[in-house]
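# Chains, contacts and geometry: an overview
Read off the chains here:
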Amino acid sequence: MKKMMKKLALAVACVTTVAMLAACGGKEDEAKNNEQANVIKFGTNAEFPPFEFVAANGVIDQYDGIDMAIAKQIGDELGKTAQIENMEFDSLLLALQNGQVDAVIAGMTVDPERAEEVNFSVSYYNAKQVMIVKEDSDIAQASDMADKKIVVIQGYTGESCVKKMGYAYEAFKKGSEAIMELINGKCDVVVIDSATAKKYVGDNEGLKIVADDAAFGDEEYAIAVNKKDTELLEQINEILTKMIDDGTIQALSEKYAD
Ligand code: ARG
């Protein structure tokens, strides 16, 4: 009896091991397939105009925006097909660490905490947090938010800014949801990145932007790469630097701004 149990345990252990190996092999196979298919997979969260949003005809499938055009060009220059994996902003760095994507391009601000998890490329865009309010709002500076209903987007740097200021807030998953909340009068202010704020204010009646450059720090967007992928980081840096120097990024920013 004891022997049988031992055999059974061994059998179970074997099956588990085989299953685990198969699972691991699966990931490796996927990576190999990608290599063979000459694909570079970018993770993004396409809820962030003008950097990434879903459109009828995007630059990469249905994905359009400044970042998507950058991703496309990086793919082209590497002789690879750029593919997009659209996911929640919060999941992006984990997906990168898991090898589910090769790089993350998502209007992502370089910050020390994130830089512990992943490597960042050279930065390609300067940004700042701003406040979006109703046109008749009396909010004129960040400290005016103290007794107001503040909405931020979950996991964005805007959330950490408001948290640091010590104000209570509610976090939504998408910028568009936050803006609806503001339009419907359910909150007083949305804190979000400047260029995205401009888009939302341009697309919706009755809103305005309030900036407080002293209260919100300077931010820089960069592409994130797995710490192990130093070669890819170098390649991306080279391509990005060229795109900055020859005015491509500037032209893209202007193209998608209006
Ligand atoms: N810049 C902000 C951050 O890094 C917001 C980025 C949001 N990007 C997006 N694709 N949803 O936290």
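Going by the structure above, here's the rest.
Residues numbered from 1 in each chain as written. Predicted model: local features only at pLDDT ≥ 70, side-chain atom pairs only at ≥ 80, totals over all residues. Heavy atoms only, no water.

## Topic: the overall build of the protein chain
- For the protein chain, the helix and strand inventory stands at 9 helices and 12 strands.
- Partitioning the contacts of the protein chain with sequence separation of at least 6, the portion at a separation of at least 24 is 69%.
- Carbon together with sulfur atoms contributes 51% to the accessible area of the protein chain, which is approximately 13700 Å² in total. (Helix = DSSP H or I, 4+ residues; strand = E, 2+ residues; numbered from the N terminus. Contact = heavy atoms within 4.5 Å. Areas by Shrake-Rupley, 256 points an atom, 1.4 Å probe, with all protein chains shown as cover.)

## Looking at the site of the ligand
- Near the ligand you find 14 residues, and of these N45, A106, R114, Y156 and D193 are the closest.
- Contact distances for the ligand include 2.9 Å between a nitrogen atom and a backbone N or O atom of G107.
- Separating a nitrogen atom of the ligand from a side-chain N or O atom of T109 is a distance of 2.8 Å. (Near = heavy atom within 4 Å. Polar contact = N/O pair within 3.5 Å; in protein donor to acceptor, adjacent residues only side chain to side chain.)

## Considering the pattern of salt bridges
- Counting across every chain of the model gives 8 salt bridges.
- K174 is the partner of E47 in a salt bridge, and the nearest nitrogen-oxygen pair spans 3.6 Å. Of this pair, E47 sits in strand β2 (residues 47-48) while K174 sits in the loop between β9 (170-172) and α6 (175-183), and the two are 127 residues apart along the sequence.
- Residue classification places E47 among the partly exposed positions, given a relative accessible area of 23%.
- A salt bridge links K173 to E88; the nearest nitrogen and oxygen atoms lie 3.6 Å apart. Here K173, found in the loop between β9 and α6, pairs with E88, found in the loop between β5 (81-86) and α3 (92-98); they are 85 residues apart in sequence, far enough to count as distant. (Salt bridge = Lys/Arg side-chain N within 4 Å of Asp/Glu carboxyl O. Buried < 20%, exposed > 50% of the residue type's maximum accessible area, 1.4 Å probe, protein only.)

## Focus on the packing of aromatic side chains
- Tallied over the full model, the rule gives 9 aromatic pairs.
- Look at F89 and Y156: their rings are 5.0 Å apart centre to centre, the planes differ by 70 degrees, and that puts the pair in the edge-to-face class. Highlighted residues: F89 in the loop between β5 and α3 and Y156 in the loop between β8 (150-153) and α5 (157-165), separated in sequence by 67 residues. Each member of the pair, F89 as well as Y156, is classed as buried.
- Connected via pairs of aromatic rings, a cluster forms that spans F48, F51, F89, Y124, Y125, Y156 and Y221. (Phe/Tyr/Trp six-rings, centres within 6.5 Å; stacked < 30°, edge-to-face > 60°.)

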